[in-house]
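Observations on chain architecture
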2 protein chains.
Amino acid sequence: MNDLLERLRARGWRMTSQRRVVAEVLAGDHVHLTADEVHARAVARLPEIARATVYNTLGELVALGEVVELSTDGRAKRYDPNAHRPHQHLVCSGCGIIRDVHPTGDPLDVLPPAERFGFTVSKADVTYRGLCPACV
Amino acid sequence: MNDLLERLRARGWRMTSQRRVVAEVLAGDHVHLTADEVHARAVARLPEIARATVYNTLGELVALGEVVELSTDGRAKRYDPNAHRPHQHLVCSGCGIIRDVHPTGDPLDVLPPAERFGFTVSKADVTYRGLCPACV
DNA sequence: ATCCTACGATGGACGTAGTCCAAGTCAAGA
DNA sequence: TCTTGACTTGGACTACGTCCATCGTAGGAT
């Protein structure tokens, strides 16, 4: 988490209290928060922080590759701070909880050239869906 | 496409001109339209059709499993009428065009039991991302 | 330690996607 | 042909996100 702040500073970020708080919220318990949830937690530490600032900061973190943006349902985007270890997501169709999972092999390998239609394919996002133990 | 109307009738659907038009739009050229695009095309055939009706009908088609809902970006959901042949999607990060693709094997097979955390996993949605030939 | 200034924060208006609901309409069975 | 409840309508409303003019401040320069 502090190394995140280090990396940001190294990239020329002006270190404001708002950005620090957003980074801390994300680095806290590793869950997949929506922008408004991040804002709510940030407000607890820095009451004046604006919603637009949270959106801006999240967008910058995504652009820098420090955070991954997920849209697993059609609802609000969620932000995944675990950007440096490749992984996929397992989503409960009942309650919406998201877990990071690690399938074996590279999902790109199973897409044959004939199925690529001339695209330069660079990544594969996999969303496994099912019911969690609490929602059976 | 007519068989779609048959199946809907068999399920007890009251066959209205609105529903017929929405089904026809989806069954037309097989692209992945947003709800508002479906509405625009429906209006061309039936000028009075309301946006809410298109949303309702699309929702019902999804619930019946006749159409698949996609949210590949954080934008509007897209509707895929090709629901009866399992497939995945290849999305161009440049222009957003979507192609149906068929990877080899079942993507569920590569998620080991230890990575399922007690979930009853029922499906895997894979989104391959890259650049299409026109966007290189 | 103080000053400067460009980068960042603010908050309120705005935009887009989608949902809700009360009232009216009509498909299809009697 | 009549009846009825399922379906449609359109406008208000909500959720999520973006934009922008103005203000504030981090951090380099002095």
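Remember, predicted model here, so these are calculated numbers, not experimental data.

**Considering the protein's contact with DNA strand C**
Near DNA strand C, the surroundings consist of 17 residues, among which Thr16, Gln18 and Thr53 of chain A together with Arg51 and Lys77 of chain B are the closest. When the atoms of DNA strand C within 4 Å of the protein are grouped by moiety, sugar and phosphate amount to 69% of the total. Note that a phosphate oxygen of DNA strand C is positioned 3.2 Å from one of the backbone N or O atoms of Glu48 of chain A. Between a base nitrogen of DNA strand C and a side-chain N or O atom of Arg51 of chain B, the distance comes to 2.9 Å. Listed by contribution, the elements that provide at least two residues to the surface near DNA strand C are helix H2 (17–27) and helix H4 (51–63) of chain A together with helix H4 (51–63) of chain B. Tallying contributions element by element places H4 of chain B first for the surface near DNA strand C, with 3 residues. Looking at the surface near DNA strand C residue by residue, the classes come out as 7 nonpolar, 3 polar and 7 charged.

**Considerations on the sheet that holds strand S3 (residues 78–80) of chain A**
Residues and elements named next belong to chain A. The strand order across the open sheet formed by 3 strands is S1-S3-S2, and the pairing between neighbours is antiparallel. Across the chains shown, the open sheet's two edge strands, defined by having one partner strand only, are strand S1 (33–34) and strand S2 (68–70). For S1 and S3, the ladder comprises 2 bridges, and the chain directions are antiparallel. Residue pairing across strands places Leu33 opposite Tyr79, the latter belonging to S3.

**With respect to the protein's contact with DNA strand D**
Taken together, 17 residues lie around DNA strand D, and Lys77 of chain A together with Arg14, Thr16, Gln18 and Thr53 of chain B are the ones closest in. Near the protein, meaning within 4 Å, the atoms of DNA strand D are sugar or phosphate in a fraction of 70%, with bases accounting for the rest. Between DNA strand D and the protein, one listed contact pairs a base nitrogen with a side-chain N or O atom of Arg51 of chain A at 3.0 Å. Side-chain polar atom of Gln18 of chain B to a sugar or linking oxygen of DNA strand D: 2.9 Å apart, as the coordinates give it. Looking at the surface near DNA strand D, the elements with two or more residues in it are H4 of chain A together with helix H2 (17–27) and H4 of chain B.

**Considerations on the UniProt feature "binding site: Zn(2+)" (unreviewed entry) in chain A**
All names here are of chain A. What UniProt calls "binding site: Zn(2+)" (unreviewed entry) maps, in this numbering, to Cys92, Cys95, Cys132 and Cys135. The largest pairwise C-alpha distance within this set of annotated residues, which runs over 44 residues, is 8.2 Å, so the set is compact in three dimensions. Relative to the helices and strands, Cys95 is located in the loop between strand S4 (88–92) and strand S5 (98–101). Judged by relative accessible area, which is 48%, Cys95 ranks as partly exposed. Residues in contact with Cys95, not counting those within four places in the same chain, are Cys132 and Cys135.

Each value, and the rule that gives it
Residues numbered from 1 in each chain as written. Chains lettered and ligands numbered in written order. Predicted model: local features only at pLDDT ≥ 70, side-chain atom pairs only at ≥ 80, totals over all residues. Heavy atoms only, no water. Near = heavy atom within 4 Å. Polar contact = N/O pair within 3.5 Å; in protein donor to acceptor, adjacent residues only side chain to side chain. Helix = DSSP H or I, 4+ residues; strand = E, 2+ residues; numbered from the N terminus. Nonpolar A, V, L, I, M, F, W, Y, C, P; charged D, E, K, R; others polar. Pairing = 2+ DSSP bridges. UniProt positions renumbered as here; feature names shortened; annotations may be inferred. Buried < 20%, exposed > 50% of the residue type's maximum accessible area, 1.4 Å probe, protein only. Contact = heavy atoms within 4.5 Å.

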